[in-house]
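Coordinate inspection notes
Each chain, letter by letter, is given below.
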Amino acid sequence: MPTAVAIAPGGYPDLLMTRVLSGIQPTGDTHLGNYLGAIRVWVAGQYEHDSFHPIVDLHAITIPQDPAELRASTLNMATMLIAAGLDPEVCTLFVQSHVPEHNQLGWMMECTASIGELQRMTQFKDKAAKQTGFVSSGLLTYPALQAADILLYDADLVPVGDDQRQHIELTRDLAIRFNNRYGETFVVPEAGIPKVGARVMDLQNPTAKMSKSADSPQGTVLVLDPPEVIERKFKRAVTDSGTDVVYDPEHRPGVANLLAILAAATDRTPQEAAAGYSQYGPLKADTGAAVIELLRPVQERYAALQSDPAELARLLALGAAKAREVASKTLTRARDAMGFLAPG
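Below is a summary of the structure that appears in this document.

About the cut-offs
Residues numbered from 1 in each chain as written. Predicted model: local features only at pLDDT ≥ 70, side-chain atom pairs only at ≥ 80, totals over all residues. Heavy atoms only, no water. Core = buried A, V, L, I, M, F, W, Y, C linked by side-chain atoms within 4.5 Å. Buried < 20%, exposed > 50% of the residue type's maximum accessible area, 1.4 Å probe, protein only. Helix = DSSP H or I, 4+ residues; strand = E, 2+ residues; numbered from the N terminus. Contact = heavy atoms within 4.5 Å. Phe/Tyr/Trp six-rings, centres within 6.5 Å; stacked < 30°, edge-to-face > 60°. Salt bridge = Lys/Arg side-chain N within 4 Å of Asp/Glu carboxyl O. Pairing = 2+ DSSP bridges. Right-handed = clockwise from strand over helix to strand, strands pointing away.

A few words on the nonpolar core. Formed by 53 residues in total, the largest nonpolar core has its most connected members in Leu32, Tyr35, Leu81 and Phe234. Every element with two or more residues in this core is listed here: helix 1 (32-45), helix 3 (67-84), strand 3 (92-95), helix 9 (227-235), helix 10 (253-266), helix 11 (270-274), helix 12 (280-306) and helix 13 (309-338). No other element matches helix 12, which puts ten residues into this core. Apart from the residues lying within four places of it in its own chain, the contact partners of Leu32 are Gly37, Val200, Met210, Val221, Val223, Phe234, Ile261, Val291 and Leu295.

The next point concerns the packing of aromatic side chains. Enumeration over the complete set of coordinates arrives at four aromatic pairs. Judged by centre distance (4.7 Å) and plane angle (55 degrees), the rings of Phe178 and Tyr182 are tilted. Residue Phe178 and its partner Tyr182 are located together in helix 8 (residues 165-182), separated by four residues, close to a single helical turn. Each member of the aromatic cluster is reached from another via a ring pair, and the members are Phe52, Phe94 and Tyr153.

Right, let's talk about the pattern of salt bridges for a bit. As enumerated under the stated definition, the model contains twelve salt bridges in all. Across the salt bridge formed by Arg252 and Asp244, the nearest N and O atoms sit 3.0 Å from each other. Classification of Arg252 by relative accessible area gives buried; the value is 12%. Between Arg314 and Glu311 there is a salt bridge, and its shortest N-O distance comes to 3.0 Å. Note that Arg314 and Glu311 are positioned in helix 13 at a spacing of three residues, about one turn of the helix. If you follow the salt bridges from partner to partner, you end up with Glu89, Glu311 and Arg314 in one network.

Along the chain, Gly28 turns up in the loop between strand 1 (19-21) and helix 1. Relative accessible area serves as the criterion here: at 43%, Gly28 is assigned to the partly exposed category. Considering only alpha carbons, one finds Gly28 and Ser73, 45 residues apart in sequence, at a separation of 7.5 Å.

Across the six residues of strand 2 (residues 50-55), five count as buried, placing the element largely inside the fold. Note: strand 1 against strand 2, three bridges, orientation parallel. Paired with Arg19 across the two strands is Asp50, which belongs to strand 2. Handedness of the strand 1-helix 1-strand 2 crossover: right-handed. Taken together, the four bridges between strand 2 and strand 3 define a ladder with parallel strand orientation. The residue bridging Pro54 from the neighbouring strand is Phe94, located in strand 3.

It is worth stressing that arrangement in space is one thing and function is another; only the former is reported here.
Have a look at this one:
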């Protein structure tokens, strides 16, 4: 069983083939912030670590979903991740619902967690308050399923943002509690801040992160936006009151955002990207052009995968098989430890 490790400040642990797990929900369109801030980091990380990347469609149904849309969005997300460079032959990329061990261990984790622990989850309280009428019980219990997602794969490290840290602490608590009650069964994972890509802000509101929300369609660059749309969005990007081109996120957030994007797209620092510019117009044009070229191979690969559904199905089946090989062994350990009768 892998051993949990300490986190190096500001990055992954300095340990070869640390097992890392990062999941993503399938709903919503993938935008430039997702790509530069996370997915591209995952692509590089798959060669440095034993990487598991579930598309967590079971988590998506804590909010009612249209069945056809959920099915399509799950396929689209899988296609996007592979097009972006995740290689199912290298990492373990799979759809959560294709691995039934998640549901089984999820129930065991629900029975290990207390109602009070689940009710104290900040995300539950925040999301429940925003919903009117029907609130799914899954919204309350999904942190137990999330714990199962992590513990099934003996993950050493779970890179998370601040909004998910409470859930990882719960996962650690449940693993420790289970181990104390039934004997050493689970790796106790560490939450860590991963290597981060560019922090991409909204083109129309550069003080807010770019998001999947439809509230700012002109400020959000989608990975599958046509070149002419990307070009137009950057031409209309909000800048600042001055005229000089300098990287100063605190006082010049608009220009700083453009420089950060240009730097990420051309493998430079924002300060290096600023060199030679004295006007906003050329900066906007060059940033748009750089993003178009950055996304072109992703868009081409995406189109190729969409035209070959049999290959996509093969790759997802491969990922599910790889995931089940690990998950089934962990579930058997947990079942045996908890006292379930082994199937005949």
